[in-house]
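# Survey of secondary and tertiary structure
Spelled out from the first residue to the last, the chains are:
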Number of protein chains: 2
Amino acid sequence: MESTKYVHGYSEREALRLNDQAATLDDIIHNDSRFSKESLVLEAGCGVGAQTKILATKNPDSNFISVDLSDDSIREAKGMIKSLGINNVELMQADIYNLPFNDETFDSVIICFVLEHLHNPTQALNELKRVLKKGGTIVAIEGDHGSTFFHPDSKYAYSAINCQIQLQKQNGGNSNIGRELYPLFKSVELTDISVSPRMVYVDASRPQLVEGFIKNTFTAMIEGIGEKAIKQGLVDNSTFEKGIKDLYRTAESDGVFSYTFFKGFGTKN
Amino acid sequence: MESTKYVHGYSEREALRLNDQAATLDDIIHNDSRFSKESLVLEAGCGVGAQTKILATKNPDSNFISVDLSDDSIREAKGMIKSLGINNVELMQADIYNLPFNDETFDSVIICFVLEHLHNPTQALNELKRVLKKGGTIVAIEGDHGSTFFHPDSKYAYSAINCQIQLQKQNGGNSNIGRELYPLFKSVELTDISVSPRMVYVDASRPQLVEGFIKNTFTAMIEGIGEKAIKQGLVDNSTFEKGIKDLYRTAESDGVFSYTFFKGFGTKN
């Protein structure tokens, strides 16, 4: 585990250094998602493989087993991985609370944007820890909607964002889980815990992030839950529309937008 | 200005690299507050010299003129600077809106935690730009109370923080000005503008910041405005007390606290 330890200790500083130069969200989040040569990595909750393809491409000498609860997602991920000619990933349907692997199977575990959806993230982390070898590292990446702020400020925009937070809560999840990675890792008794915030700060000097993050990632996501939120009475139509308009307003030449992801690292003793 | 330019371009990356290792707020904010040898630097709004002593000590080969509107503050700063044996600082009373200096006097200008108090930050920046040489850099450091979030979450804590934001607003200031450095620098037509967020992320793995930032800096500051806020009816006593208690709660072993300062750099063409 020498080299894993190196990657881990080095990761935060390197991440911060690279963060500023990062032109895309993937750079900010995954610039240090590196695993040791020959290591076997579990990706838990891969969905349709959006992170899988980045991880597998960045780590051609590691082998990934990527699992998801949804058969449909696994099918789609398989097609995508095949079409890209990626050959170091095995995809399979599995339940994160009850993984079909022996204790201490994996050198590393990575879980991206999954804990936010779970009603019991601690139980999931304990299961991930079970299948991790001693000395191995769990890496978790999560967003935190409550970290969002912007200029010009707008109470309507906050109302729209809050709809997403409420809907996630109704589903048993937690949109603000990023800030909780440290206590979560503590609660499952991981050691050498280190949490690295990845702030996506965007102003007009970073045009790729203006398009790629403010508009096409964050605001598009909030816009997408409008109908449901209005139907459920979480917000009225006019407030939500103003909120979306004000979020797009932050993408103009004098606007500023900030959102923080968190990347947690913890070791199994 | 070759070497100033270098310091400027280098600063953001270096700051991010060092930020993670920084044990104190001063490290996070000032690790890259470096000025060229022999350069003449204006520090605008030095108060009693809290930043002055850091800047002067970090830059023994630069000369500082530090000004403040308050005669009393300047007197106090003079005593402190003398007692520390610092000999590269000249302190004087002056109005930031009407500085007693010729055009293009300074190689660099730095302004820390001052714009948040001004009713017209744009006018002040224009005056700073006037006394700056062509090719010189203005550096501004400001906090942003609206960037604060924490775990465990607490509406009472947000209410207490909001009192400080409201009081600052009543005084004609803006507690959330950090996020606005980019548009402010644009509005006075500085060039090569780059804004570097300095997130102070604190969990129990960073005990110096738990004490030094969560407790003794941030929460102590909010606690300090309680009487005024309650007297003005901005908040009731019980809510404010709960808010302060909940802020201290974030300093416990499973707590997390995050606040973002912004450091802006801009060049005069």
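Just so it is clear, the structure is predicted and the values come from calculations on it, not from any experiment.

### Comments concerning the overall build of chain A
Scanning chain A from N- to C-terminus turns up 10 helices and eight strands. Relative to the compact-globule value of 18 Å for 269 residues, chain A shows a C-alpha radius of gyration of 19 Å, a close match. Long-range contacts, defined here as pairs at least 24 residues apart, represent 78% of the contacts in chain A between residues at least 6 apart. When the accessible surface of chain A is summed, it comes to about 11200 Å², and 47% of that surface belongs to carbon and sulfur atoms. On chain A, the mean spot of the 28 positive side-chain charges and the mean spot of the 36 negative ones are 1 Å from each other.

### Overview of the relation of the copies chain B and chain A
In the superposition of chain B on chain A (RMSD 0.0 Å, axial shift 0.0 Å), the rotation amounts to 180 degrees. Interpreted geometrically, this transformation is the action of a two-fold axis. The fraction of interface residues of chain B whose copies in chain A are also interface residues reaches 100%, indicating that both copies meet through the same surface.

### Section: the packing of aromatic side chains
Ring pairs (aromatic) are described by centroid distance and by the angle formed between their planes. Applying the stated rule across the entire model yields 26 aromatic pairs over all chains. Measuring from centroid to centroid gives 5.8 Å for Phe-113 of chain A and Phe-261 of chain A, while their planes differ by 70 degrees, and the two rings are edge-to-face. Taken together, the residues span a long stretch of sequence, with Phe-113 of chain A in the loop between strand 4 (106-112) and helix 5 (121-131) and Phe-261 of chain A in strand 8 (residues 256-267) at a distance of 148 residues. Take Phe-261 of chain A: its relative accessible area is 7%, and that puts it in the buried class. Ring centres 6.1 Å apart and planes at 15 degrees place the aromatic pair Phe-150 of chain B and Phe-257 of chain B in the stacked group. Of the two residues, Phe-150 of chain B sits in strand 6 (residues 149-151) while Phe-257 of chain B sits in strand 8 (residues 256-267), which places them 107 residues apart along the sequence. The class of Phe-257 of chain B is buried, set by a relative accessible area of 0%.

### Remarks on the layout of surface pockets
In this structure, the largest pocket occupies an estimated 880 Å³ of space. As for the largest pocket, its lining consists of 32 residues, and the residues nearest its centre are Gly-146 and Tyr-158 of chain A together with Thr-148, Asp-153 and Tyr-158 of chain B. For the lining of the largest pocket, the secondary-structure elements that each account for two or more residues are helix 6 (155-170) of chain A together with strand 6 and helix 6 (155-170) of chain B. The element that contributes the greatest number of residues to the lining of the largest pocket is helix 6 of chain A, accounting for seven residues. Empty space within the second largest pocket amounts to approximately 650 Å³. Forming the boundary of the second largest pocket are 26 residues, of which Phe-113, Glu-116, His-117, His-145 and Met-221 of chain A lie nearest the centre. At the level of secondary structure, the elements contributing two or more residues to the lining of the second largest pocket comprise helix 2 (25-30), helix 3 (50-58), helix 6, helix 8 (207-224) and strand 8 of chain A. Take the lining of the second largest pocket: its biggest share by element is four residues, from helix 8 of chain A. The residue makeup of the lining of the second largest pocket, split by class, is 12 nonpolar, 10 polar and four charged.

### Notes on the environment of Ser-147 of chain B
You can see Ser-147 of chain B is positioned in the loop between strand 5 (132-142) and strand 6. Taking the C-alpha atoms as reference points, Ser-147 of chain B and Asn-176 of chain B, separated by 29 residues in sequence, lie 7.8 Å from one another. For Ser-147 of chain B, the contacting residues outside a window of four places in its chain are Phe-149 of chain A together with Arg-179, Ser-258, Tyr-259 and Thr-260 of chain B. Engagement of the side chain of Ser-147 of chain B in a polar contact is seen with the backbone nitrogen of Thr-260 of chain B, the distance being 2.9 Å.

### Structural notes on the interface of chain B and chain A
Facing 34 residues of chain B, the contacting portion of chain A comprises 34 residues. With both sides pooled, the region where chain B packs onto chain A buries about 2800 Å², and carbon together with sulfur makes up 65% of that total. Run the count over chain B and chain A and you get two salt bridges. One salt bridge connects Asp-153 of chain B with Arg-179 of chain A, and the closest N-O pair in it is separated by 3.9 Å.

### Description of the pattern of salt bridges
Residue and element names in this part refer to chain A. Taken as a whole, this structure holds 22 salt bridges over all chains when the rule is applied. Residues Asp-72 and Arg-75 are paired through a salt bridge, measuring 3.0 Å at the closest nitrogen-oxygen approach. Taken as a pair, Asp-72 and Arg-75 lie in helix 4 (residues 71-83) at a separation of three residues, close to a single helical turn. The class of Asp-72 is exposed, set by a relative accessible area of 53%. Residue Lys-215 pairs with Glu-211 through a salt bridge whose shortest N-O separation is 2.8 Å. Placement of the pair is Lys-215 and Glu-211 together in helix 8, with a separation of four residues, close to one helical turn.

### A few points about the pairing of strand 8 of chain B
Residue and element names in this part refer to chain B. Burial within strand 8 is extensive, with 12 of its 12 residues counted as buried. Neither face of strand 8 is open: one carries Val-256, Ser-258, Thr-260, Phe-262, Gly-264 and Gly-266, the other Phe-257, Tyr-259, Phe-261, Lys-263, Phe-265 and Thr-267, and all of them are buried. The pairing of strand 5 with strand 8 spans six bridges and is classified as antiparallel. Bridge assignment links Glu-142 to a residue of strand 8, and that residue is Phe-262.

### Thoughts on the packing of helix 6 of chain B against helix 10 (residues 237-249) of chain B
Residue and element names in this part refer to chain B. Packing of helix 6 against helix 10 leaves a shortest axis separation of 7 Å and a crossing angle of 105 degrees. Comparing the axis directions of helix 6 and helix 10 gives the class roughly perpendicular. Packed against helix 6, whose contacting residues are Tyr-156, Ala-157, Ser-159, Ala-160, Ile-161 and Cys-163, the element helix 10 presents Thr-239, Phe-240, Lys-242, Gly-243, Asp-246 and Leu-247 at the interface.

### Remarks on helix 4 of chain A
Residues and elements named next belong to chain A. In this model helix 4 runs 18 Å from its N-terminal to its C-terminal C-alpha over 13 residues, within 8% of the 18 Å that 1.5 Å per residue would give. Considered for burial, the residues of helix 4 that qualify are Ser-73, Ile-74, Ala-77, Met-80 and Ile-81. Taken end-on, helix 4 shows its buried residues confined to a sector of 125 degrees, consistent with a single buried face. In helix 4, the exposed positions angled more than 90 degrees off the buried face are occupied by Asp-72, Arg-75, Glu-76, Lys-82 and Ser-83. Where helix 4 is buried, its residues touch helix 3, strand 2 (63-68) and strand 3 (89-93). For helix 4, the N-terminal cap is Ser-70; the gap from its side-chain oxygen to the backbone nitrogen of Asp-72 is 3.3 Å.

Cut-offs and rules
- The residue numbers shown here count from 1 along each chain, following its written sequence.
- Chain A is the first chain written and ligand 1 is the first ligand written, with later ones labelled in order.
- pLDDT decides what is reported in this predicted model: residues at 70 or higher carry local features, side-chain atom pairs at 80 or more are listed and counted, and totals for whole chains, interfaces and linings draw on all residues regardless.
- Each side-chain value is worked out from all heavy atoms of the structure, with water and hydrogens disregarded.
- Counting from the N terminus, the helices are the DSSP runs of H or I reaching at least four residues and the strands are the DSSP runs of E reaching at least two.
- Note on method: radius of gyration uses C-alpha positions; expected globular size equals 2.2 Å times residues raised to 0.38.
- Note on contacts: a residue pair is in contact if any heavy atoms of the two residues lie within 4.5 Å.
- Accessibility throughout is a Shrake-Rupley quantity obtained with a 1.4 Å probe, and a residue counts as covered only by protein chains that appear here.
- For the purpose of charge, His is not counted, nor are the chain termini; Lys and Arg are scored as positive and Asp and Glu as negative.
- For charged residues, the charge sits on one atom: NZ in Lys, CZ in Arg, CG in Asp, CD in Glu.
- We place the copies in one frame by least squares, fitting the C-alpha atoms of every residue whose pLDDT is at least 70 in both.
- Stacked, edge-to-face and tilted labels apply to pairs of Phe, Tyr and Trp rings (six-membered ring for Trp) whose centres lie within 6.5 Å, assigned for plane angles under 30 degrees, over 60, and everything in between, in that order.
- Under the scheme applied here, a residue whose accessible area is under 20% of the maximum for its type counts as buried, over 50% as exposed, and between as partly exposed, the area being computed with a 1.4 Å probe on protein chains only.
- Method remark: on a 1 Å grid restricted to protein atoms, a set of points is classed as a cavity if a 1.4 Å probe fits but cannot get out and as a pocket if it is open with protein on both sides within 12 Å along at least five of seven lines; lining residues have an atom within 4 Å of a point.
- Grid points are joined across faces, edges and corners, and a volume is the space filled by probe spheres set on the points.
- Lys, Arg, Asp and Glu make up the charged group, whereas Ala, Val, Leu, Ile, Met, Phe, Trp, Tyr, Cys and Pro make up the nonpolar group; the residues left over, Gly among them, are polar.
- Pairs of N or O atoms within 3.5 Å make up the polar contacts considered here, provided that, within protein, one atom can donate a hydrogen while the other can accept it, and that residues adjacent in sequence are counted only when both atoms are side-chain atoms.
- Defined in terms of a 1.4 Å probe, buried area is the accessible area two parts forfeit on being brought together, summed over both.
- By salt bridge we mean one thing: a side-chain nitrogen of Lys or Arg within 4 Å of a carboxyl oxygen of Asp or Glu.
- For two strands to be treated as a pair, DSSP must find at least two bridges joining them.
- In this analysis, axes come from line fits to C-alpha atoms, helices being fitted only over the stretch in contact, and the angle between any two N-to-C directions falls in the range 0 to 180 degrees.
- Angle categories: roughly parallel below 35 degrees, roughly antiparallel above 145, roughly perpendicular from 65 to 115, and oblique for all the rest.
- Any helix carries an expected span of 1.5 Å times its number of residues minus one.
- To be clear, the arc concerns the directions from the helix axis to the C-beta atoms.

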